[in-house]
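This is what each chain is made of:
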Amino acid sequence: MNIVSDPKAIPAGALLPPEANQATALASATGVLTVDLDAIVANWRKLEKTAIPAECSAVVKADAYGCGVAPVAGALAVAGCKTFFVATLDEARTARAALPSSAAIYVLDGFFQNCGDAYAKIDAKPVIGDLNELAEWDVFCRRSGWAGGAAVHIDTGMNRLGLSITEAQGIIPRINAGDHGITLVMSHLACSESLNHPLNARQLAAFREIASLFTGVPASLANSSGVFLGGAFQFDLVRPGAALYGINPTPEADNPMQPVVDLKARIIHIRNVEKGESVGYGGTWTARRPTRLAIVSAGYADGYFRAGSSNDGTRGAEVVVAGKRCPIAGRVSMDLIAVDVTDLEKNAARRGHMVTLIGEGITVDELAHHFGTIGYEVLTSLGRRYARVYKGGAAEATAEPSPAASA
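Residues numbered from 1 in each chain as written. Predicted model: local features only at pLDDT ≥ 70, side-chain atom pairs only at ≥ 80, totals over all residues. Heavy atoms only, no water.

Examining the overall build of the protein chain
Point 1. If you tally the helices and strands in the protein chain, you get 14 helices and 20 strands.
Point 2. For a compact globule of 407 residues, the expected C-alpha radius of gyration is about 22 Å, and the protein chain comes in at 24 Å, within 12% of that figure.
Point 3. By the burial criterion, 52% of the 407 residues in the protein chain qualify as buried.
Point 4. Across the protein chain, contacts joining residues at least 24 apart in sequence account for 67% of those joining residues at least 6 apart.
Point 5. Between the averaged position of the 36 positive side-chain charges in the protein chain and that of its 40 negative side-chain charges there is a distance of 6 Å. (Helix = DSSP H or I, 4+ residues; strand = E, 2+ residues; numbered from the N terminus. Rg over C-alpha atoms; globule rule 2.2 N^0.38 Å. Buried < 20%, exposed > 50% of the residue type's maximum accessible area, 1.4 Å probe, protein only. Contact = heavy atoms within 4.5 Å. Lys, Arg positive; Asp, Glu negative; His and termini not counted. Charge placed at Lys NZ, Arg CZ, Asp CG, Glu CD.)

Rendered as structure tokens:
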């Protein structure tokens, strides 16, 4: 088990801290985020099996959705994942340091002029979605002799990034001429979480037609939810992200993925309030009976959103205290939440005890529902004040930095 207060401060391949230091870190932590690397690997294997014969890559952008790119990417590489996607060049550098030199890294936000050397240094591939961008990439490749390759992103209905269909058709002669340097052609689904959304079929038809013109170039369309739309959407490579981290890729059905994160925060105070007294900012929640409160050291600065608050007319989110669900009382503040533990047995909740914010039946998706958002935002918002605990067989198997990363 690896305990890290800030995983970005620990270089890939660093030794685990001594057990005594681990115990000290946990004893002093006001909150602990546990990431189950074995569950991430199991989720990747399930997605891989679902997508056969397509290759299953891994999206590890946004610090692996808040779970820590170095340990997550390292664990997936050990499991057999060969292709990774990040959003930015800085993220690519961090991922490369955790991955073997043979792993392919694609950068979704694409190429900027004068960044070519940085891509070449870490052997990363830009995902190009603009003709000017493509021209700048070509200039760099001609001048430098770099032949690391790039992906081409084609817009089929998201209307965000990507060449138009007409623009993509215009570069087909380049494909037919050979030595084009394009290693992947891809698009992105806009509505894959909705099984029967008509845009899915329209995007599939458009992508199938244009991808067929990129002779010999692997094609990729499916994100996490797209994997479960069926074989027609899977092409040569699938790109799951959220599903790896336990977010439900099939919200119209039960979640096929294993939970990955467990989040706990510490009770730092127990107090009693009388009937009729208000609790928290704004006095929006009033005790309807003599009430016992546990004050917990987490708040919106830690990614526990203010939208989880309760008031006299609306019940908010819940946490698990001593094995039982208890409601939040009043507004979530920057560093603290108040939890109504009146119905627990005396001394079941005590100062210093941990309560569960995610886990013990409270899923990331449930918490997102209370927050009025999606699981993606919950995971990527989890604050830096939590001690990170990595458990699982790959926690000690992070790859050594590759020669490209240390050059």
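From this point, the discussion proceeds with the structure in view.
Topic: the side chain of His 180
Point 1. Within the secondary structure layout, His 180 lies in the loop between helix H9 (172-177) and strand S9 (182-186).
Point 2. With a relative accessible area of 17%, His 180 lands in the buried category.

A look at the pattern of salt bridges
Point 1. With the rule as written, the count across this model stands at 11 salt bridges.
Point 2. Notably, a salt bridge pairs Lys 264 with Asp 262, separated by 2.7 Å at the nearest N-O pair.
Point 3. We classify Lys 264 as partly exposed; its relative accessible area is 24%.
Point 4. The partner of Arg 385 in a salt bridge is Asp 302, with the nearest N and O atoms 2.8 Å apart. On the criterion of sequence distance, the pair formed by Arg 385 in the loop between helix H13 (375-381) and strand S20 (387-391) and Asp 302 in the loop between strand S15 (291-296) and strand S16 (318-321) is long-range, its members being 83 residues apart. (Salt bridge = Lys/Arg side-chain N within 4 Å of Asp/Glu carboxyl O.)

Describing helix H12 (residues 364-371)
Point 1. Residues of H12 that are buried: Val 364, Leu 367, Ala 368 and Phe 371. The buried residues of H12 occupy an angular sector of 105 degrees when the element is viewed end-on, so they sit on one face.
Point 2. Packed against the buried residues of H12 are strand S12 (261-273), strand S19 (354-358) and H13.
Point 3. Gly 372, located one to two residues past H12, shows a positive phi value of around 70 degrees. (Arc of directions from axis to C-beta.)

Here we look at the confidence of the model for the protein chain
Point 1. Per-residue pLDDT for the protein chain averages 91, and the proportion of residues at 70 or more is 90%.
Point 2. Residue range residues 5-18 is modelled with pLDDT below 50. Its contacts to residues more than four positions away, or to other chains, number 26 contacts. (pLDDT = per-residue confidence, 0-100.)

Thoughts on the packing of aromatic side chains
Point 1. In total, this model carries 11 aromatic pairs according to the counting rule given.
Point 2. Judged by centre distance (6.3 Å) and plane angle (75 degrees), the rings of Tyr 119 and Trp 137 are edge-to-face. Taken together, the positions of Tyr 119 in helix H6 (residues 116-122) and Trp 137 in helix H7 (residues 131-144) put the pair 18 residues apart, joining distant regions of the chain.
Point 3. Classification of Trp 137 by relative accessible area gives buried; the value is 3%.
Point 4. Here the aromatic cluster, defined as three or more aromatic residues joined through ring pairs, consists of Phe 111, Tyr 119, Trp 137 and Phe 140. (Phe/Tyr/Trp six-rings, centres within 6.5 Å; stacked < 30°, edge-to-face > 60°.)

Describing helix H5 (residues 89-98)
Point 1. All buried positions along H5 are accounted for by Leu 89, Ala 92, Ala 95, Arg 96 and Ala 98. Relative to the axis of H5, the buried residues are bounded by an arc of 165 degrees and lie together on one face.

Thoughts on the environment of Tyr 245
Point 1. Note on placement: Tyr 245 falls in the loop between strand S11 (237-238) and S12.
Point 2. Residue Tyr 245 is classed as buried on the basis of its relative accessible area, which comes to 1%.
Point 3. Those residues within four positions of Tyr 245 in sequence are excluded, and the remaining contacts are Ile 40, Val 59, Val 60, Ala 64, Tyr 65, Cys 67, Val 72, Val 260 and Leu 379.

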